[in-house]
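Examination of the molecular architecture
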Amino acid sequence: MSTISKPVAFIIGYGSNLGPAIARKFKSEGFSVAVSARKLNEKAAKEDGYLGIQADFGDIASVRNAFDRLESELGPAAAVIYNAASSSPTSPSDPLANSYETFLGNVNVTGVNVYEVARRTKAGFEKLPAETPRAFIGTGNLTPWIQLPSLLGLSVGKRAMVNIVESSAAAYGPQGYRFYFAHEVKGSTGGPQIPPTGQAHGKRYTVQAVNCPS
Ligand SMILES: NC(=O)c1ccc[n+]([C@@H]2O[C@H](COP(=O)([O-])OP(=O)(O)OC[C@H]3O[C@@H](n4cnc5c(N)ncnc54)[C@H](OP(=O)(O)O)[C@@H]3O)[C@@H](O)[C@H]2O)c1
């Protein structure tokens, strides 16, 4: 069980857009926040009030090491946000143009390695006090439901994430372990919001994590 009083949020995929906005919002809601990316400046993250964990979520040893550091330095997370994604666009008329290795790299970072992230998230949830709300939120997009041949690796990865989230939500939801696949759409059309907006994600993600909606 965590010995610290503040709940912990772990933001994976801390780039220029969504990550900083989501991290700021969780911090303002009283969370201790850890952030992670490959090119992360841990010193700059510390100056912003976060635990910075430099890690490559395409590398499973690095994924495990990141969770080990999170738990030893802050404790298990009550909210895990997965923003990392990888794409190597091709021409729409040639979706098989990428090498197998490039395709697999896209799929692993975007989706398959979310399996290990979800496993470590659930293991962390089990160590939290009973009353702590728990949520995993994967940042998605519309690709599981539309045809986008130029982004096949990204799309297969997001579909994998949907599957991992749906299975985990169905199995562990009854005990209060919530798993979400979230994506932003334009209010006017229902089409994809590109680029996604940090403010909307920060607001919605903290509502889901803090208020324990059904
Ligand atoms: N409307 C929508 O719903 C919509 C539209 C577009 C995109 N999206 C989704 O939004 C998410 C992020 O968007 P964003 O605008 O915040 O992008 P962003 O600013 O580029 O942030 C994403 C960060 O993920 C990190 N990342 C990538 N590969 C990684 C890896 N192997 N290990 C660790 N970190 C990694 C990158 O940092 P490093 O390079 O330093 O690792 C990158 O800065 C993605 O999941 C994307 O698919 C949603």
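Definitions and cut-offs
Residues numbered from 1 in each chain as written. Predicted model: local features only at pLDDT ≥ 70, side-chain atom pairs only at ≥ 80, totals over all residues. UniProt positions renumbered as here; feature names shortened; annotations may be inferred. Pairing = 2+ DSSP bridges. Helix = DSSP H or I, 4+ residues; strand = E, 2+ residues; numbered from the N terminus. Axes fitted to C-alpha atoms, helices over the stretch in contact; angles between N-to-C directions. Contact = placed C-beta atoms within 7 Å. Parallel < 35°, antiparallel > 145°, perpendicular 65-115°, else oblique. Left-handed = near helix turned anticlockwise from the far one by under 90°. Nonpolar A, V, L, I, M, F, W, Y, C, P; charged D, E, K, R; others polar. Near = placed C-beta within 6 Å. Buried ≥ 20, exposed ≤ 12 C-beta atoms within 10 Å, placed from the backbone. Right-handed = clockwise from strand over helix to strand, strands pointing away.

We quote the UniProt Sequence similarities (unreviewed entry) comment for the protein here in full: "Belongs to the short-chain dehydrogenases/reductases (SDR) family."

Turning to the sheet that holds strand S5 (residues 134-139), a few remarks are in order. Paired through their backbone hydrogen bonds, the strands of a sheet run either parallel or antiparallel. Strand order in this open sheet of 6 strands is S3-S2-S1-S4-S5-S6, and the pairing throughout is parallel. Pairing within the sheet leaves two strands with one partner each, and these edge strands are strand S3 (51-54) and strand S6 (177-182). With direction set aside, neighbouring strand axes in the sheet form an average angle of 15°. For strand S1 (residues 8-12) and strand S4 (residues 79-82), the ladder comprises 4 bridges, and the chain directions are parallel. When the sheet's bridge partners are listed, Ala9 is paired in S4 with Ala79. Strands S1, strand S2 (32-37) and S3 of the sheet are contacted by helix H3 (residues 60-73), whose axis makes an angle of about 160° with S3. Against the sheet, helix H6 (residues 152-172) touches S5 and S6, its axis set at about 155° to S6.

This brings us to the packing of H3 against helix H5 (residues 114-125). At a closest axis distance of 10 Å, the pairing of H3 and H5 adopts a crossing angle of 20°. Taken together, the axes of H3 and H5 are roughly parallel relative to one another. Crossing of H3 over H5 shows right-handed handedness. Within the contact between the two elements, H3 uses Ile60, Val63, Phe67 and Glu71 and H5 uses Glu116, Val117, Arg120 and Gly124. In the contact of H3 with H5, the residues fall into 4 nonpolar, 1 polar and 3 charged.

Around the ligand there are 27 residues in total, and Gly13, Gly15, Asn17, Leu18 and Arg38 lie nearest to it. Taken together, the residues that form the shell around the ligand break down as 11 nonpolar, 12 polar and 4 charged.

Another point: the pairing of S5. Every other side chain in a regular strand lies on the same face of the sheet, so the side chains alternate between the two faces. Where burial is concerned, most of S5 is hidden: 6 out of the 6 residues are buried. Judged by which residues are buried, S5 turns out to be covered on both faces: Arg134, Phe136 and Gly138 on one side and Ala135, Ile137 and Thr139 on the other are all buried. In this structure, S4 lies alongside S5, joined through 4 bridges in parallel fashion. Paired with Val80 across the bridge in S5 is Phe136. Relative to S6, S5 runs parallel, the two sharing 6 bridges. Among the inter-strand pairings, Gly138 is bridged to a residue of S6, identified as Phe181. One crossover worth recording links S5 to the parallel S6 by way of H6, and it is right-handed.

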